[in-house]
Amino acid sequence: SFSCNICFNYKMSSGEELYNKKGRAVCYKARDGFFSCCLEQGVDWEPGMPIPSKCKEKRKSFEDNCLSSWVTYFDSQQEATVRKAKTMSILISENYNTSAGGLAGKKLN
């Protein structure tokens, strides 16, 4: 009968350990650490922006502990989240200023 013990006992090549549960947890922690650091620095970071100097080590950890395809995916997710937040902020601001129930120009007691 076929035994797959070799499937689990061989030395993993670079990146393969990132596919297991422990590797994913390390990746997620590094990702969250980087994006949290950016927010702590007052930056809603998205790809193409400079990385805050205090967060460069966390970015390196993120890139070192995640597969490059995951980094690309998480970066695009972050970009979409930032874009959505900016759009929502603009829409809320516009609705606040133009709605009949808005407080713009009204005197509060």
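Whatever comes next refers back to the structure up there.
Residues numbered from 1 in each chain as written. Predicted model: local features only at pLDDT ≥ 70, side-chain atom pairs only at ≥ 80, totals over all residues. Heavy atoms only, no water.

A. Geometry of the overall build of the protein chain. Helix and strand counts for the protein chain come out as four helices and zero strands. Counted from the first residue to the last, the protein chain has its helices and strands arranged as α-α-α-α. Counting the 109 residues in the protein chain, one finds 24% classified as buried. Sequence-distant contacts, at least 24 apart, represent 53% of the contacts inside the protein chain between residues at least 6 apart. When the accessible surface of the protein chain is summed, it comes to about 8,400 Å², and 56% of that surface belongs to carbon and sulfur atoms. (Helix = DSSP H or I, 4+ residues; strand = E, 2+ residues; numbered from the N terminus. Buried < 20%, exposed > 50% of the residue type's maximum accessible area, 1.4 Å probe, protein only. Contact = heavy atoms within 4.5 Å. Areas by Shrake-Rupley, 256 points an atom, 1.4 Å probe, with all protein chains shown as cover.)

B. Geometry of the state of the cysteines. Counted under the stated rule, the structure contains two disulfides. No disulfide involves Cys38; its sulfur sits 4.3 Å from the nearest other cysteine sulfur, which is in Cys55. Residue classification places Cys38 among the buried positions, given a relative accessible area of 1%. (Disulfide = S-S within 2.5 Å.)

C. Fine view of the packing of aromatic side chains. This model, assessed by the stated rule, comprises eight aromatic pairs. Plain terms: the ring middles of Phe34 and Trp45 are 5.2 Å apart, the flat faces sit at 75 degrees to each other, and that makes the pair edge-to-face. Of the two residues, Phe34 is situated in helix α2 (residues 21-40) and Trp45 in the loop between α2 and α3 (56-65); the sequence distance between them amounts to 11 residues. A relative accessible area of 4% places Trp45 in the buried class. Through a chain of ring-to-ring contacts, the aromatic side chains of Tyr28, Phe34, Phe35, Trp45, Phe62, Tyr73 and Phe74 assemble into a single cluster. Over the ring of Phe74 we find Arg31; its NZ or CZ atom is 4.6 Å from the centre of that ring. (Phe/Tyr/Trp six-rings, centres within 6.5 Å; stacked < 30°, edge-to-face > 60°. Lys NZ or Arg CZ within 6 Å of the ring centre and 35° of its normal.)

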